[in-house]
Amino acid sequence: MSREPMRILCLAVGLLLTAACGEGESLSVSAPPLRLAPGRETRLTVQVQRAGITGDFFLRVSGLPDFVEARTSRVLDTKDTALILFRVVDTVPAGTQVTARIEVFNAAGQRAATDVPVAFDVSGGAVDPSFGVGGSRSLPTPDNLGVCGAATTPDGQLVLARAYPSGYEVSWLDEAGTLLHTTPVPEGRSYATAGEARCGLAVASDGAIWLSGTFATDDFQLGLLVTRLLPDGSRDPGFGRGGVLLIDPVPSMGSAFLGTGDLFVLPDGRALVSGLGQRKSSLLRLLPDGTRDGAFGEDGWVFITTEGAAPRLFPLPDGRFLTLVQVLRPQPDSPASMGRYPAVLRFLPDGRRDPSYGAGDLNPGLEREGGTVAGAVLEPDGALLLSLRHRGELLRLTPAGSLDRAWGTGGYRKLQPLPGMITQPPLDVLVRLEDGRIASADWGSAGKVRVAFVFTLQPDGTVTPTSREGARNAAFTARPSLPLGTDPNYRLERPRWLFPLPGNRGLLVSDLLEDRRDKEGRWPVVTDLHLARFFL
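Residues numbered from 1 in each chain as written. Predicted model: local features only at pLDDT ≥ 70, side-chain atom pairs only at ≥ 80, totals over all residues. Heavy atoms only, no water.

**Points about the overall build of the chain**
Next up, step 1: Looking only at helices and strands, one finds one helix and 36 strands in the chain.
Next up, step 2: Evaluated residue by residue, the chain yields a buried proportion of 53% over its 536 residues.
Next up, step 3: In the chain, once contacts between residues fewer than 6 apart in sequence are set aside, the share between residues at least 24 apart is 51%.
Next up, step 4: On the chain, roughly 23,400 Å² of surface is accessible, and the fraction owed to carbon and sulfur atoms is 52%. (Helix = DSSP H or I, 4+ residues; strand = E, 2+ residues; numbered from the N terminus. Buried < 20%, exposed > 50% of the residue type's maximum accessible area, 1.4 Å probe, protein only. Contact = heavy atoms within 4.5 Å. Areas by Shrake-Rupley, 256 points an atom, 1.4 Å probe, with all protein chains shown as cover.)

**With respect to the environment of Val250**
Next up, step 1: Within the fold, Val250 resides in the loop between strand S17 (244–247) and strand S18 (257–265).
Next up, step 2: Counting along the chain gives 51 residues from Val250 to Trp301, while the straight-line C-alpha distance between them is 9.9 Å.
Next up, step 3: Ignoring anything within four residues of it in the chain, the contact list for Val250 reads Trp301 and Phe303.

**A closer look at the environment of Gly146**
Next up, step 1: Secondary-structure assignment places Gly146 in strand S10 (residues 146–152).
Next up, step 2: Looking at Gly146, the relative accessible area reads 0%, which means it is buried.
Next up, step 3: Between the C-alpha atoms of Gly146 and Leu512, which are 366 residues apart in sequence, the distance is 8.4 Å.
Next up, step 4: Setting aside residues up to four positions removed in sequence, Gly146 forms contacts with Ala161, Arg162, Ala163, Ala197, Asp511 and Val526.

**Considerations on the sheet that holds strand S16 (residues 222–229)**
Picture the strands of a sheet paired through backbone hydrogen bonds; they go either parallel or antiparallel.
Next up, step 1: If you walk across this open sheet you meet the four strands as S14-S15-S16-S17, and the pairing is antiparallel. Of all strands in the sheet, those with a lone pairing partner are strand S14 (200–203) and S17, marking the two edges. Here the average twist between neighbouring strands, direction ignored, is 20°. (Pairing = 2+ DSSP bridges. Axes fitted to C-alpha atoms, helices over the stretch in contact; angles between N-to-C directions.)

**A closer look at the packing of aromatic side chains**
Next up, step 1: Per the stated rule, a full pass over the model turns up seven aromatic pairs.
Next up, step 2: Residues Phe67 and Phe120 carry aromatic rings whose centres are separated by 5.5 Å and whose planes lie at 70° to one another, so their mutual orientation is edge-to-face. One end of the pair, Phe67, is in the loop between strand S4 (58–62) and strand S5 (68–72); the other, Phe120, is in strand S8 (residues 111–120), and 53 residues separate them in sequence.
Next up, step 3: Among the aromatic residues, those joined into a cluster by ring pairs are Phe264, Phe296, Phe321 and Phe347.
Next up, step 4: The lysine or arginine in question, Arg60, covers the ring of Phe105, its NZ or CZ lying 4.3 Å from the ring centre.
Next up, step 5: Lying over the aromatic face of Trp407, Arg413 brings its terminal NZ or CZ to 5.9 Å of the ring centre. (Phe/Tyr/Trp six-rings, centres within 6.5 Å; stacked < 30°, edge-to-face > 60°. Lys NZ or Arg CZ within 6 Å of the ring centre and 35° of its normal.)

**Description of the nonpolar core**
Next up, step 1: If you look at the biggest cluster of nonpolar residues, it comprises 26 residues, and the most contacted ones within it are Leu36, Leu59, Val104 and Phe120.
Next up, step 2: Of all elements in the fold, only strand S1 (26–30), strand S2 (34–36), strand S3 (41–51), strand S6 (81–88), strand S7 (97–105) and S8 reach the threshold of two or more residues within this core.
Next up, step 3: With residues up to four places along the chain from it excluded, the contact list for Val104 reads Leu27, Val29, Val48, Phe57, Phe58, Leu59, Gln110, Arg111 and Ala112.
Next up, step 4: Core analysis: the next-biggest nonpolar cluster, separate from the first, contains 19 residues, Leu145, Val159, Cys199 and Leu225 among them. (Core = buried A, V, L, I, M, F, W, Y, C linked by side-chain atoms within 4.5 Å.)

**Quick look at the pairing of S14**
Next up, step 1: When S14 meets strand S15 (residues 209–216), the two strands line up antiparallel, connected through four bridges. If you follow Ala202 over to S15, its bridge partner there is Trp210.
Next up, step 2: Taking the residues between adjacent antiparallel strands as the criterion, S14 and S15 are bridged by five residues, where Gly207 takes a positive phi near 90°.

**Quick notes on unusual backbone geometry**
Next up, step 1: Despite not being glycine, Asp299 shows a phi value in the positive range, around 55°.
Next up, step 2: Taking relative accessible area as the criterion, Asp299 reaches 42% and is therefore assigned partly exposed.

**A closer look at the confidence of the model for the chain**
Next up, step 1: In this model, the chain carries a mean pLDDT of 77, and residues with pLDDT of at least 70 account for 76%.
Next up, step 2: Mean pLDDT values for the elements of the chain range from 34 in strand S32 (residues 476–477) up to 93 in S14.
Next up, step 3: For the stretch residues 1–21, pLDDT sits under 50, and the model shows 23 contacts to residues farther than four places along the chain or on other chains.
Next up, step 4: In this model, residues 465–490 is a region of pLDDT below 50 whose contacts with residues beyond four sequence positions or in other chains number 79 contacts. (pLDDT = per-residue confidence, 0-100.)

**Observations concerning the pairing of S6**
Next up, step 1: With seven bridges connecting them, S3 and S6 associate as antiparallel partners. Counted as the bridge partner of Val46 is Ala82 from S6.
Next up, step 2: In this sheet, S6 lies alongside S5 in antiparallel orientation, the contact comprising five bridges. For Glu69, the partnering residue across the bridge sits in S6 and is Arg87.

**Quick notes on the sheet that holds S4**
Next up, step 1: Taking strand neighbours across the sheet as the criterion, the four strands line up as S2-S8-S7-S4 in an open arrangement whose pairing is mixed. The sheet terminates laterally at S2 and S4, the two strands that pair on one side only. The average angle at which neighbouring strand axes cross in this sheet is 30°, direction not considered.
Next up, step 2: By the bridge criterion, three bridges tie S2 to S8 in an arrangement that is parallel. The residue of S8 that forms the bridge with Leu36 is Phe120.

**Focus: the pattern of salt bridges**
Next up, step 1: Taken as a whole and judged by the stated rule, the model has 22 salt bridges.
Next up, step 2: The residue Asp262 makes a salt bridge to Arg198 at a minimum N-O spacing of 2.4 Å. Of this pair, Asp262 sits in strand S18 while Arg198 sits in the loop between strand S13 (179–185) and S14, and the two are 64 residues apart along the sequence.
Next up, step 3: When its relative accessible area of 35% is taken as the criterion, Arg198 is described as partly exposed.
Next up, step 4: Taking the shortest distance from any N to any O, the salt bridge between Asp262 and Arg312 comes out at 3.7 Å. Of this pair, Asp262 sits in strand S18 while Arg312 sits in strand S22 (residues 312–315), placing them 50 residues apart in sequence.
Next up, step 5: Here Asp262 falls in the buried class, since its relative accessible area comes to 14%.
Next up, step 6: One network of salt bridges, in which partners are shared, links Glu379, Asp381, Arg396, Asp404 and Arg432. (Salt bridge = Lys/Arg side-chain N within 4 Å of Asp/Glu carboxyl O.)

Written out as structure tokens, the structure reads:
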């Protein structure tokens, strides 16, 4: 058989050309298995073995999903290798594996091919199908004010506290999102706006649950409520009176508690509770039985002159703790005018203020007036990362309490609006992942729908480019969008808590709100509690 018919036969049956396809000619191609990661360009070296064939060859890649882009180069006449550049440009569904076909060919029709297995690191936003139904779960919660507290237990259970005008409820859910049991706390009372409720919730080392909230006093003011529940949901009979402690407002705070802040439990079982009063904020440390800890402050109390929000608490390993508050002070450019500023204080284990932190009173670097802190996360080295609501800014404080001017731009980093959002993200939620990244959650509009966004930041505050829109900021929806349509009672999802889980996964806890209207006006109502678990 002549040379040309032999070549045509080889091509027709799809075989690789060998020396039989032409005396002294052979062609083959090989490449190692490929693993791609979102937001990262991966280079693949292709080996081309040829004998008796000259001239340039071209590369072609097929079999890739739409979320992967590939750029090929020519195999020059004098080379036996070529590069292919791969980039993941969108969300990778969990468990995705494909086989790519790499082909080399020339103008004369000579060609060879090989199949390369492609595996993926799961990209941020891919749902975890082992949770709930398709990665999410909704729990109807009519006529409540929303999730006011959330925590996880050492064995992976999720504990949620929901506020009602007439009390609180504490619910336990297993790792799959199934409701296990619920304990009512009818002594409580909250006047918060739906979707804005806040209470303290923490898990002790023995599995007990501490909850702090408010209750109505006999003269119709608000007092401080603290309860301790056992892991099975029953009240701890050795705590307070029947498991509940009711504390009337103290004179130093004014005539009423206006709300609760954070609550954390120390390794020895004592608990620190923060609250907001009419004149001052309070820190209260309690023993495991609910009595005040006389070794802390003045008979268990420490008071701070603050403005507008209950203190946020961040325990440190050595027993000290940081307190994030808001204060009024003269504005730098107009001393006669007062502005609201964030401030961070550090306290010693006995409740005395630590004068070695910051300026002892206020952090001199926190000079942005109106910068209400939305989210905060404590770094492993004791530094504090804060987000300023309505400014879309992050700032970082050193472990000593000064502005970390080596981070970002002079200690600050400005974020642009996320795709589909009109304003900068308020960054209400900040958590640290096991690989050092920071995850945040927000909500906004995307076309005619309201959606929840979750995105990740690198340790230096830059946004992780994990989506096709990542040139500005990376964002992805953590749940199916809710259509607005023409119904005036539109619904939206507001993220409240985000929990980091092993394997760079996250569990998002959100309120689903409905904006109801009638002739007298409009008001938000929380209709459901939504949970979504996904990869970050």
